[in-house]
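Chain by chain, the residues:
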Amino acid sequence: MASRRRASILIPPEKRKCIGVMTSGGDAQGMNGAVRAVVRSSIARGCRVFGIHEGYEGLLHPELIKEMDWISVRGWLSVGGTSIGTARCKDFYERPGRLIAARNLVKAGIDALIVIGGDGSLTGADKFRSEWPGLLSELVEKGELTEAETAPVQHLNIVGMVGSIDNDMAMTDATIGCYSSLQRICEAVDNIDSTALSHQRAFVIEVMGRHCGWLALMAGVSTGADFVFIPEKPFKDNWQEKMKEIIMKHRSLGKRKTIVIVAEGAHDESLNKITPEHVKTLLSNDLKLDTRITTLGHVQRGGLPSAYDRMLATLQGVEAVQAVLDATPETPSPVISITENKICRQPLMDAVAATQSVAVAIKNKDFDKAMSLRDAEFAEYNRIYLMTTNIDSPELRLPEDKRLRIGIIHVGAPAGGMNSATRAAVAYCLARGHKPVALHNGFPGLCRHHGDKPLGSVRDFDWLEVEGWANQGGSEIGTNRGLPSEDMNTTATCFEKYKIQALFLIGGFEAFTALSELRHAREKYAAFRIPMILLPATISNNVPGSEYSLGSDTCLNALIQYCDAIRQSASASRRRVFVVETQGGKSGYVATLAGLCVGAVCVYTPEEGIDHKMMYRDLEYLVREFSKDKGQNRAGKLILRNEQASDTYTTEVIANMIRTAAKGRFEARHVVPGHVQQGGAPSPMDRVRAVRLAVKCIQHLETFAGKSEAHLMAEMTSAAVIGIKGASVAVTGMEHLEKYETDWKDRRPKNEFWIAMKPTVDMLSGRPLAEDTCYACGRKLDHGVVDNHENCA
Ligand code: ADP
């Protein structure tokens, strides 16, 4: 069966490559996951793969070029830094160094190179590629290589992957490592927060980023900092006065702490450096605040990779190998990137050139250009950040007739990011002149409030109340699973009584159902003829209209920490399989993505189900794997099973079956992490996306202000879901979603985007598939031919 599996993705022998993989420049969390994915997918496709140790140094020293096998990268997903080493290599800057590198590559028989590094490393890679023919001719002329040796490698096949904590590469939304680094910063700022609050102190925090303010800006967005300095967009005029004015405003509203974040490369419009000491002096002397400086330094490079970085590294590594196999001498070298939720390829040369031109634009004081060269999302985050911290700007106010009373309600189970979204929505509403109204404890809370003795469940928000919510998990205004249909009359009466002119819902599938009910009830109740929008927030990530829900990233991070810990617990005894039961209802998203992030040997989902043939195959596979294991890896193996994957094969039953099959040669345990999966503080990704999407939601509601009821009823998106769909953020009308995109029975979207990732999880763990399944897309084949994905299209 195993040989059959390989046949499904093996490429013809004449197309097989010999791939070198290296990490170079500054290290970043997730680089190991990228190497693992490159190594395993290369092997699975029939290619040989070599690790080039210590960055470009490795190309200069043949003993640092070592062949890698399947087992050599076991467990690497959960390891920070880079295990094949990285270095800065002076010799590679010069042609003679690159000449030696070319000779060593050809001698090792390597005909493709995957370079994982920052813009410096990728610039070097691009230079190497462009010089390649000349380097080969010179080596032949000098007699160091023969024509026969160089003939098969006339074209150097290079693919770049961006590993960098700064997120400083153009043409990609995220680089491998940036979200882990942001996590380190958020943890530090969250910790500082409590002490700052106790002493009413101000803290100036310096974060990395010489030419790139991504870490500083996102740290500001995700921790609710008072002021942020980034290199791309220095404040005009007198920044000292602007900063003092905003901080004084926040203090006058009752805020007890002040956080200012300074990027390493911050400066004013004349390029005079702005240092943390400088900021501290202003805060201490002029505002009389007890101010301290914290420089985070290398802590930002440390720690384990976050779920997002593991996923990004893995999916991009697989894509990089595919790009190597797709390359022709005519195609330009690609760099693997991501736009919103979509892994793409960009021309390496263009991405490097655009990245370098940011530094040039800053040097030339052309800050608008510097900002425009970053991705559009960066400029948007900057605008949103300024709007949500600077709530007292008359220029942001809308005219009276465009202002709305906007009800904000949480529905369903709590999810990380609900509070961050609410905080951002409230701050944005106040800046624009809207009246944000808290509807406490979901729809049942609203209905209970109605009557002779109001319970205070409907209240106007004020800024100070929500100000500290950026890093709070759970739901501060309370959430409830109850639906409006439980008492539609009272719900409508409350909407009228409290003059709700627009509704912002945050929640999961229940919130989706609630919105659907309200939309249908519009015919009968005029109170619901208002604009309404849902921001999906559920750890299950099963809301139609979006590939991403707030809280799902926090959940994955909580789950991978849990899995890393239990796997490590097996290191003393070894030979143990853990069957972990994940939440997610009828959606296998959490199980599959967590499986991708921890390198699970098998993942069971409700979409696929579990049958006896699958069980038999997996048991056989486990027995075989353990019989091969010579103790190279002391950690246990993980199997993830979604809570509703099968009625018969429960988590416990699977563990028992494994124990029986093991016949004492290895152990099996079942574990249920349960509510641990909701996580504690929301992850940085959930926080920043909460802010961005919440503001977009209110902006969408704003477009209906002052419009007629007829206009509203005719407009499909007057009841809508905001979401990330592929490479863009989309607002989709409920009617469309209800009719075409919702699997109501199983409470999930009809076409779940992540299903396409499932074969990758299986491939990277080496799990055998059913003979009639296409490896490339996981589709069941009915023609009995396994190796032709083309026929699946
Ligand atoms: P990063 O990749 O993180 O930006 P560096 O800029 O230090 O880090 O680059 C890492 C290595 O890449 C350098 O030590 C050097 O070996 C190689 N490199 C960088 N820039 C170039 C260049 N312009 N030409 C040739 N090699 C380069």
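Residues numbered from 1 in each chain as written. Predicted model: local features only at pLDDT ≥ 70, side-chain atom pairs only at ≥ 80, totals over all residues. Heavy atoms only, no water.

## With respect to the packing of aromatic side chains
Okay, step 1: A full pass over the atoms with the stated rule returns 17 aromatic pairs.
Okay, step 2: Their ring planes at 80 degrees and their centres at 6.2 Å tell us that F461 and W469 sit as a pair that is edge-to-face. With respect to class, F461 is no different from W469; both count as buried.
Okay, step 3: With a centroid separation of 5.5 Å and an interplanar angle of 35 degrees, the aromatic rings of F512 and W744 are classed as tilted. With F512 in helix α19 (residues 509–521) and W744 in the loop between β24 (742–743) and β25 (748–749), this residue pair connects regions lying 232 residues apart in the sequence.
Okay, step 4: Since its relative accessible area comes to 35%, W744 is described here as partly exposed.
Okay, step 5: An aromatic cluster is defined as three or more aromatic residues linked by ring pairs; in this entry it consists of Y56, F92, F128 and W132.
Okay, step 6: Against the face of F626 rests K637, its NZ or CZ located 5.3 Å from the ring centre. (Phe/Tyr/Trp six-rings, centres within 6.5 Å; stacked < 30°, edge-to-face > 60°. Buried < 20%, exposed > 50% of the residue type's maximum accessible area, 1.4 Å probe, protein only. Helix = DSSP H or I, 4+ residues; strand = E, 2+ residues; numbered from the N terminus. Lys NZ or Arg CZ within 6 Å of the ring centre and 35° of its normal.)

## Focus on helix α24 (residues 684–702)
Okay, step 1: When the terminal C-alpha atoms of α24 are compared, their 27 Å separation across 19 residues agrees well with the 27 Å that a helix rising 1.5 Å per residue should span.
Okay, step 2: Here α24 lies mainly inside the structure; 17 of its 19 residues are buried. (Expected span 1.5 Å × (residues − 1).)

## A closer look at the pattern of salt bridges
Okay, step 1: Taken as a whole and assessed by the stated rule, the structure comprises 50 salt bridges.
Okay, step 2: We note a salt bridge from E131 to R98, for which the minimum N-O separation is 2.8 Å. Of this pair, E131 sits in helix α5 (residues 119–141) while R98 is found in helix α4 (residues 95–108), placing the two residues 33 residues apart along the sequence. Comparing E131 with R98 shows no difference in burial state: the two are buried.
Okay, step 3: When the shortest N-O distance is used, the salt bridge between R748 and E752 registers 4.0 Å.
Okay, step 4: Judged by its relative accessible area of 11%, R748 is buried. (Salt bridge = Lys/Arg side-chain N within 4 Å of Asp/Glu carboxyl O.)

## So, the domain arrangement of the chain
Okay, step 1: Domains assigned within the chain are domain 1 (2–175 + 305–359), domain 2 (178–301), domain 3 (395–550 + 682–748) and domain 4 (554–678).
Okay, step 2: Taking the mean C-alpha position of each, domain 2 and domain 4 sit 43 Å from one another. (Domains from an automatic or database assignment.)

## Considering the site of the ligand
Okay, step 1: The immediate surroundings of the ligand are formed by 16 residues, with R88, C89, G118, G120 and S121 found nearest.
Okay, step 2: G26 is positioned such that a nitrogen or oxygen atom in its backbone is 3.1 Å from an oxygen atom of the ligand.
Okay, step 3: In the environment of the ligand, an oxygen atom lies 2.7 Å from a nitrogen or oxygen atom belonging to the backbone of C89.
Okay, step 4: In isolation the ligand has 550 Å² of accessible area, and contact with the protein removes 85% of it.
Okay, step 5: Looking at side-chain class alone, the shell around the ligand contains 4 nonpolar, 8 polar and 4 charged residues. (Near = heavy atom within 4 Å. Polar contact = N/O pair within 3.5 Å; in protein donor to acceptor, adjacent residues only side chain to side chain. Areas by Shrake-Rupley, 256 points an atom, 1.4 Å probe, with all protein chains shown as cover. Nonpolar A, V, L, I, M, F, W, Y, C, P; charged D, E, K, R; others polar.)

## Focus: the pairing of strand β11 (residues 342–347)
Okay, step 1: With 6 bridges connecting them, strand β10 (residues 334–339) and β11 associate as antiparallel partners. Bridging from a neighbouring strand, V335 pairs with Q346 of β11.
Okay, step 2: Taking the residues that link successive antiparallel strands as the turn, the β10-β11 hairpin has 2 residues, and the phi of E340 there is positive, at about 50 degrees. (Pairing = 2+ DSSP bridges.)

## Observations regarding the nonpolar core
Okay, step 1: I114, M161, Y179, W214, F504 and L535 are the most contacted members of the largest nonpolar core, which totals 135 residues.
Okay, step 2: No other element matches the 11 residues that helix α11 (residues 307–326) contributes to this core.
Okay, step 3: What Y179 contacts, discounting residues up to four positions off in sequence, is A174, W214, S306, Y308, D309, P684, M685 and V688.
Okay, step 4: Core analysis: the second largest hydrophobic core is formed by 35 residues, L99, A102, L105 and L122 among them. (Core = buried A, V, L, I, M, F, W, Y, C linked by side-chain atoms within 4.5 Å. Contact = heavy atoms within 4.5 Å.)

## As for the UniProt feature "binding site: Mg(2+)" (unreviewed entry) in the chain
Okay, step 1: Those residues carrying the UniProt feature "binding site: Mg(2+)" (unreviewed entry) are D119 in this numbering.
Okay, step 2: Its place among the elements puts D119 in helix α5.
Okay, step 3: Ignoring anything within four residues of it in the chain, the contact list for D119 reads D168, M169, T355 and Q356. (UniProt positions renumbered as here; feature names shortened; annotations may be inferred.)

## Section: the sheet that holds strand β6 (residues 202–207)
Okay, step 1: Within the open sheet, the 4 strands sit side by side as β7-β8-β6-β9. Their pairing is parallel. Pairing within the sheet leaves two strands with one partner each, and these edge strands are β7 (227–229) and β9 (291–295). When strand polarity is set aside, the average angle formed by the axes of neighbouring strands in this sheet is 15 degrees.
Okay, step 2: Helix α8 (residues 214–223) rests against β6, β7 and β8 (258–263) of the sheet, and its axis sits at about 160 degrees to β8. (Axes fitted to C-alpha atoms, helices over the stretch in contact; angles between N-to-C directions.)

## As for unusual backbone geometry
Okay, step 1: The phi dihedral of K365 is positive, around 60 degrees, even though this residue is not glycine.
Okay, step 2: Counting through the fold element by element, K365 comes out in the loop between α12 (348–363) and α13 (367–373).
Okay, step 3: Located in the positive-phi region is N541, a residue other than glycine, with phi close to 50 degrees.
Okay, step 4: Relative to the helices and strands, N541 is located in the loop between β17 (532–536) and α20 (552–569).
Okay, step 5: The buried category is assigned to N541, whose relative accessible area is 3%.

## What about the pairing of strand β20 (residues 637–642)?
Okay, step 1: Burial within β20 is extensive, with 6 of its 6 residues counted as buried.
Okay, step 2: Residues K637, I639 and R641 point to one face of β20 and L638, L640 and N642 to the other, with burial holding for every one of them.
Okay, step 3: Direction of pairing for strand β19 (residues 602–604) relative to β20: parallel, over a ladder of 3 bridges. When the bridges of β20 are listed, Y604 appears paired with R641.

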